[in-house]
Amino acid sequence: MIKEKIKQKKGITLISVIVSIILLLILSTIVIYSSRSSNNVSPYNNMKADINLLEDKILIYYNKYNEIPTTRRTIQINNAITYSEIDLSKLENITLRYGQEYGGVDTLLIDTSDVYVVNGNLEVYYLKGAELDNVKYYEN
């Protein structure tokens, strides 16, 4: 009788263990790959958030003082369009997630490409840009 019960109970087969391990490997690969791709998107999203914040703050400043908050430094791109460096010291509650915290006329910039600039239409651009999928983005 005991021998019959032992024969009736079947344990986990080697095949089911191998299938379970393969499924776990596939799932862990998917999780690792998706976390890597989200790390690549993070700088781009931070740049977009900074540009949105700066555009909103510049619009508020412009409506209040009827001028764009810029320094005396201008940057010309492709010998056609002139942009002005944003003076962050004139804007309230600014914390950038991407790029350097800079501002003020007397601020010494070591890397002049690491600045946000604005044009006459209140459009903000980040000169250094952020790369996503081998494409460089400078604006929102």
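The coordinates are above.
Given the structure is predicted, the values throughout are model-derived calculations rather than measurements.

Caption draft 1: Quick peek at the overall build of the chain. Assigned secondary structure in the chain consists of 2 helices and 6 strands. Helices and strands in the chain line up, N terminus first, as α-α-β-β-β-β-β-β. The buried share of the chain, reckoned over its 140 residues, is 26%. Sequence-distant contacts in the chain: of pairs separated by 6 or more residues, those separated by 24 or more amount to 53%. Carbon together with sulfur atoms contributes 55% to the accessible area of the chain, which is approximately 10,200 Å² in total.

Caption draft 2: Representation of the side chain of aspartate 87 in the model. In this fold, aspartate 87 is placed in the loop between strand 2 (81-86) and strand 3 (116-118). Lysine 90 is the oppositely charged side chain nearest to the buried, salt-bridge-free aspartate 87, at an N-O distance of 4.2 Å. A polar contact is formed between the side chain of aspartate 87 and the side chain of serine 89, at a distance of 2.6 Å.

Caption draft 3: Up close: the layout of surface pockets. Roughly 160 Å³ of volume is contained in the largest pocket. Per-class residue counts for the lining of the largest pocket are 4 nonpolar, no polar and 4 charged.

Caption draft 4: Here's a closer look at a nonpolar patch on the surface. A cluster of nonpolar side chains, contributed by Leu14, Ile15, Ile18, Val19, Ile22, Leu23, Ile26, Leu27 and Ile30, occupies part of the molecular surface with about 900 Å² of accessible area. As for its placement among the helices and strands, isoleucine 18 is situated in helix 2 (residues 14-65).

Caption draft 5: Region of the structure containing the pattern of salt bridges. Throughout the structure, instances matching the rule amount to 1 salt bridge. Here arginine 73 and glutamate 85 are joined by a salt bridge, their closest N and O atoms 2.4 Å apart. Here arginine 73, found in strand 1 (residues 70-77), pairs with glutamate 85, found in strand 2; they are 12 residues apart in sequence, far enough to count as distant. For glutamate 85, a relative accessible area of 2% corresponds to the buried category.

Caption draft 6: Spatial organisation of the environment of glutamate 139. With respect to the element layout, glutamate 139 can be found in the segment after strand 6 (135-137). Measuring from C-alpha to C-alpha, the distance between glutamate 139 and glycine 129 comes to 7.7 Å, with 10 residues separating the pair along the chain. Sequence-distant contacts of glutamate 139, defined by excluding residues within four places in its chain, comprise Met47, Ile51, Val124 and Tyr125.

Procedures and definitions
Along each chain, numbering runs from 1 in the same order as the chain's sequence is written. Only residues with pLDDT of at least 70 get local features here, since the model is predicted, and only at 80 or more are side-chain atom pairs given and counted; chain-wide, interface and lining totals rely on the full set of residues. The side-chain quantities take in all heavy atoms of the structure and omit both hydrogens and water. Runs of E in the DSSP output that reach at least two residues are strands. Runs of H or I that reach at least four are helices, and both are numbered from the N terminus. Any residue under 20% of the maximum accessible area for its type is buried, any over 50% is exposed, and the rest in between are partly exposed; the area is computed with a 1.4 Å probe on protein chains only. The contact rule is simple, with two residues in contact once any of their heavy atoms fall within 4.5 Å. Under the convention used here, a 1.4 Å probe and the Shrake-Rupley method define accessible areas, while residue burial counts only the protein chains that appear. Charge convention: Lys and Arg are scored as positive, Asp and Glu as negative, and His as well as the terminal groups of each chain are ignored. Salt bridges are defined by distance alone: a side-chain nitrogen of Lys or Arg within 4 Å of a carboxyl oxygen of Asp or Glu. We define a polar contact as two N or O atoms separated by no more than 3.5 Å, with the added condition that, inside protein, one atom must be a possible hydrogen donor and the other a possible acceptor, whereas residues neighbouring each other in sequence contribute only through side-chain atom pairs. For each structure, a 1 Å grid was placed over the protein atoms alone; sets of points admitting a 1.4 Å probe that cannot get out are labelled cavities, open sets with protein on both sides within 12 Å along at least five of seven lines are labelled pockets, and lining residues have an atom within 4 Å of a point. Grid points are joined across faces, edges and corners, and a volume is the space filled by probe spheres set on the points. Note on residue categories: nonpolar means Ala, Val, Leu, Ile, Met, Phe, Trp, Tyr, Cys or Pro, charged means Asp, Glu, Lys or Arg, and polar means any other residue, Gly included. Think of a patch as exposed residues, more than 30% relative accessible area, with no salt bridge, where like charges cluster within 9 Å and nonpolar side chains (Val, Leu, Ile, Met, Phe, Trp, Tyr) cluster within 5 Å.

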